[in-house]
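Here's the letter readout for the chains.
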Amino acid sequence: MTYAITQTCCGDATCVSVCPVNCIHPTPDEPDFGRTEMLYIDPKSCIDCGACADACPVDAVFPVDSLSPAQQEYGPLNAAYFADREPAPDPEGPNFHVWGEPSFKRSLPSDFAPLRVAVVGTGPAGMYAAEDLLLHTNAEVTLIDRLPVAGGLIRYGVAPDHLSTKKAGDTFARFHTHPRVRMHLGLEVGRDVTAEELAAHHDAVIYAVGAPAGRPLGIPGEGLPGSICATTFVSWYNAHPEVAPDAVDVSGERVVVVGTGNVALDAARILVSHPDALAAGDIAGHALEALRAGSVREVVVLGRRGPEDASYTRSELLALKHLPGVELVVDDHDPRIAAAIDGAEPGGRAALLADVAREEVDWSRPPPAGRRIVFRFHSAPVEALGEGGVRAVRVTDGGEDGREIPAGLLLRAVGQRGLPVTGLPFDEATGTVPHEGGRVAGRPGSYVVGWIKRGPSGGIGANRTCAAETVGTLLGDAVDGALPAPEQGEKAFRRLVRRRNRRVVDARGLAEIERAELALGRRDGRPRAKLATLPELVAAARGGRRRIPG
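Under an unreviewed UniProt entry, the name given to the protein is ferredoxin--NADP(+) reductase, and the organism recorded is Streptomyces sp. gb1(2016). Note on the protein: under the UniProt heading Catalytic activity (unreviewed entry), the record states "2 reduced [2Fe-2S]-[ferredoxin] + NADP(+) + H(+) = 2 oxidized [2Fe-2S]-[ferredoxin] + NADPH".

As C-alpha cells, this is what we get:
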C-alpha cells in the first residue's frame, strides 16, 4: 500500500520534511517546486510509513487503497508525475535517504538583541513570515489586520465547502497566542496609524496585504447592476464584513462567469451545488438562504482561449466531475474545441474534458431541467446588455460579436491585483510594491511578502518559500546593521493604538469570536456560523456582550 496526495494539497512541503525516503516531489530544493499544481508521492519509493499524512496540515494525503470514489484519480495522477523522470540515485547505506548538514539560513547570532517586527496582514503570507521569525529567532512580533478577525485569504478566500483546506489556518492559529506575539485586529495602516508611525515603533515592518482588487473586463455595460467581480462574490459567500448580504442577486436561471481559473470554478460550483451540501461547510448564512431561494440552474464558464489553455488546476476540474446532481457540458460551437480535446496528450488540461458531454448549445432557449455547468471556450465577452441590470452577455462566436447569452448575473473572474499601500512605492503596471528579495525599494526596514510582493500567483503553500526569502533578507539586513533603530517601544505603540481605535481586537478577543461562531454553528447543526458584520465581530470579541440566540 502506498500513499497519494489529493485535491486539497496546499504545497507548503511540510510532508517533504518528514518523509524518510525522499519520495515526495518536487521538493523546495528542486526547480519545479512552486510550479506544479500540487506535490506528488512516488508509489515506487513510498514505504507506507504514514509520516506525510500525519504532518499534512490540510488532510490531503491518504492511502491509495482507501481513496474515495471521487479521489480515485489521484493514485494514477501521483504515479504519472514520475513516469518520465529518472529515479534519484540510491544513497549509501539503508533505504532511508541521507540528510544534509543542518542549515539555519534564517537565524540571528545568539547574542543578538530581540527584534521587534510588525506584520501587516494575518493571511497565509503574513503568518508564514511570523512563523519563521518566531521559530528561528527571538523576535517579538506585532500582528496587525484591518479586519477585527484573523485569517485573511483562508477565512475569506477559500471556498466554504473546502473545509480541509481551511485547516491550514489551525497551524497559524497556534501562533496567535505565542508569548512573543501582540495582536491588533481591526487596526488599519493608513487610517488609524501611518506607515511612518508603525516604522517608528518597530525595527522592521512586513506588509502582507494581498491583492484584493479584481481586474475589470473593459467592456460596455460592465458597471450594470448584476455585473460584479468574482472576488466580491467570494467575499459574499464567505461572510466578509465589507460585502453586504444583499450584494449578490441569484434570482436568475443562468449565470455567466468570465475566466477559467480556480476562482471561476469555485464560483460555478457554489452556484450549482445543492444548498444542503453547502450547509455542511461554513458558508455565510445570508448566502445559504439566498442560494436556497434562488433560481440558478446553469453556469456558463467563458474562456477566451481553448481548453488546452484553461487556467484551472486538474484537481479543481476533477472535483466538478463528482458534484452530485450536476452535469458538465462543453459547448461545441467551434471546431477547434473538439480538435483540442480529442488530440490532447494524456495529463493535459484539454484531456480532462475527454469524457465530458459536448453539444452545440442553443442560447435562445432557457436552461434545461436540472443543474449544469457549461464550458464555452474560444469566446470572449463583448458587452453586458441590460438597462436596470444585466439581462444578457454578448460574446464572440466564430470571430463574430453577435452571440447573446441571456443571464441575470455576470461574474468577472479574470484575475486580481494589489492596491497601493499608503506610504510605500507602488508599481501600477504589476499591482505590486517594488522590492529586492522582499525589501521595499527605497524604504529601509520595510518589507513585503505574498501577492503584494510577487503578484496574485500561487496558493497557500507558495507563501512559505516567499516568506522565507523575505525573512532571510530582513535578518540579513539586521546583521548588517541596515535596519533603522525604532524611536519608541511596544508600550508606546499600544498607547498609540488605544488612542486611535478603541475597537481593536486582541488574541483574547479573537478567541471569543471563535467561541461565538462555533456556538452558533452547533445551534444550527453546522461546523461554524460566521459573524458577517463588523459590529457583530467586535461585540463578540468583547466576550459575553453579544448574546447567542437560543
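(A) Quick peek at the packing of aromatic side chains. Taken as a whole, this structure holds 7 aromatic pairs when the rule is applied. A ring pair is formed by Phe 233 and Trp 236, whose centres lie 5.7 Å apart and whose planes are at 25 degrees; its orientation type is stacked. Here the residue Phe 233 and the residue Trp 236 both occupy positions in helix α9 (residues 230-237), the gap between them amounting to 3 residues, near one helical turn. On the basis of relative accessibility, which here comes to 0%, the residue Trp 236 falls in the buried class. Taken together, a centroid distance of 6.0 Å and an interplanar angle of 10 degrees make the contact between Phe 375 and Phe 377 stacked. Accessibility assignment for this pair places Phe 375 and Phe 377 in one class, buried. Aromatic ring contacts, followed pair by pair, group Tyr 40, Tyr 81 and Phe 82 into a single cluster. Cation over ring: Arg 85 sits above Tyr 81, and NZ or CZ is 3.7 Å from the ring centre.

(B) Here's a closer look at the environment of Val 258. Position of Val 258 among the secondary structure elements: in strand β11 (residues 254-258). The spatial distance from the C-alpha of Val 258 to the C-alpha of Leu 328 is 17 Å, given a sequence separation of 70 residues. Not counting chain neighbours up to four residues away, the residues in contact with Val 258 comprise Leu 217, Leu 302, Pro 381, Leu 410, Leu 411, Arg 412, Ala 413 and Val 414.

(C) Representation of the domain arrangement of the protein within the structure. The assigned domain composition of the protein is domain 1 (3-81), domain 2 (116-212 + 418-504) and domain 3 (222-414). Taken over C-alpha atoms, the centre of domain 1 sits 30 Å from the centre of domain 2. Facing 11 residues of domain 1, the contacting portion of domain 2 comprises 12 residues. For the pair domain 1 and domain 2, the two sides together bury roughly 840 Å², of which 52% comes from carbon and sulfur. Where domain 1 meets domain 2, there are 2 salt bridges. With a shortest N-O distance of 2.4 Å, Lys 167 and Asp 59 are connected by a salt bridge. Counting the contacts that link domain 1 with domain 2 gives 6 residue pairs in polar contact (both at pLDDT 80 or more). Each residue belonging to the side of domain 1 that touches domain 2 can be placed in one class, and the counts come to 5 nonpolar, 4 polar and 2 charged.

(D) How the structure looks around the environment of Arg 180. Inspection of the secondary structure puts Arg 180 in the loop between α7 (168-173) and β7 (181-185). Taking the relative accessible area as the measure of exposure, Arg 180 reaches 25% and is therefore partly exposed. Along the sequence, Arg 180 and Asn 138 sit 42 residues apart, while their C-alpha atoms lie 8.1 Å from each other. Setting aside anything within four residues of it in sequence, one finds Arg 180 in contact with Leu 133, Leu 134, Thr 137, Asn 138, Ala 139, Glu 140 and Val 141. In this structure the side chain of Arg 180 is engaged in a polar contact, spanning 3.2 Å, whose partner is the backbone oxygen of Thr 137.

(E) The arrangement of a positive patch on the surface in detail. A contiguous patch of positive charge, built from Lys 491, Arg 495, Arg 498, Arg 499 and Arg 502, is present on the exposed surface. Relative to the helices and strands, Arg 499 is located in helix α17 (residues 490-500).

(F) Region of interest: the sheet that holds strand β14 (residues 357-359). With parallel pairing, the 7 strands of this open sheet are ordered in space as β10-β19-β11-β12-β15-β13-β14. The sheet is open, and its two borders are formed by β10 (227-229) and β14, each paired with just one other strand. On average, each strand axis in the sheet is inclined to that of its neighbour by 25 degrees, with strand direction left out of account. Summarising the sheet, β10 and strand β19 (residues 409-412) pair through 3 bridges and their orientation is parallel. When the sheet's bridge partners are listed, Cys 229 is paired in β19 with Arg 412. The sheet strands contacting helix α10 (residues 262-272) are β11, β12 (298-302), β13 (326-331), β15 (371-376) and β19, and the helix crosses β15 at an angle near 155 degrees.

(G) Region of interest: the side chain of Asp 266. Position of Asp 266 among the secondary structure elements: in helix α10. Note on Asp 266: relative accessible area 11%, which makes it buried.

(H) Representation of the nonpolar core within the structure. Core analysis: the biggest nonpolar cluster contains 126 residues, and Ile 24, Phe 233 and Phe 375 have the highest contact counts within it. The residues contacting Phe 375, other than those within four sequence positions of it, are Leu 265, Val 301, Tyr 312, Leu 317, Leu 320, Leu 328, Val 329, Val 330 and Asp 331. If you look at the next biggest cluster of nonpolar residues, it comprises 20 residues, including Val 120, Ile 144, Ala 195 and Leu 198.

Criteria and cut-off values
Residues numbered from 1 in each chain as written. Predicted model: local features only at pLDDT ≥ 70, side-chain atom pairs only at ≥ 80, totals over all residues. Heavy atoms only, no water. UniProt positions renumbered as here; feature names shortened; annotations may be inferred. Phe/Tyr/Trp six-rings, centres within 6.5 Å; stacked < 30°, edge-to-face > 60°. Helix = DSSP H or I, 4+ residues; strand = E, 2+ residues; numbered from the N terminus. Buried < 20%, exposed > 50% of the residue type's maximum accessible area, 1.4 Å probe, protein only. Lys NZ or Arg CZ within 6 Å of the ring centre and 35° of its normal. Contact = heavy atoms within 4.5 Å. Domains from an automatic or database assignment. Buried area = accessible area lost by both parts, 1.4 Å probe. Salt bridge = Lys/Arg side-chain N within 4 Å of Asp/Glu carboxyl O. Polar contact = N/O pair within 3.5 Å; in protein donor to acceptor, adjacent residues only side chain to side chain. Nonpolar A, V, L, I, M, F, W, Y, C, P; charged D, E, K, R; others polar. Patch = residues over 30% accessible without salt bridge, like charges linked within 9 Å, V, L, I, M, F, W, Y side chains within 5 Å. Areas by Shrake-Rupley, 256 points an atom, 1.4 Å probe, with all protein chains shown as cover. Lys, Arg positive; Asp, Glu negative; His and termini not counted. Charge placed at Lys NZ, Arg CZ, Asp CG, Glu CD. Pairing = 2+ DSSP bridges. Axes fitted to C-alpha atoms, helices over the stretch in contact; angles between N-to-C directions. Core = buried A, V, L, I, M, F, W, Y, C linked by side-chain atoms within 4.5 Å.

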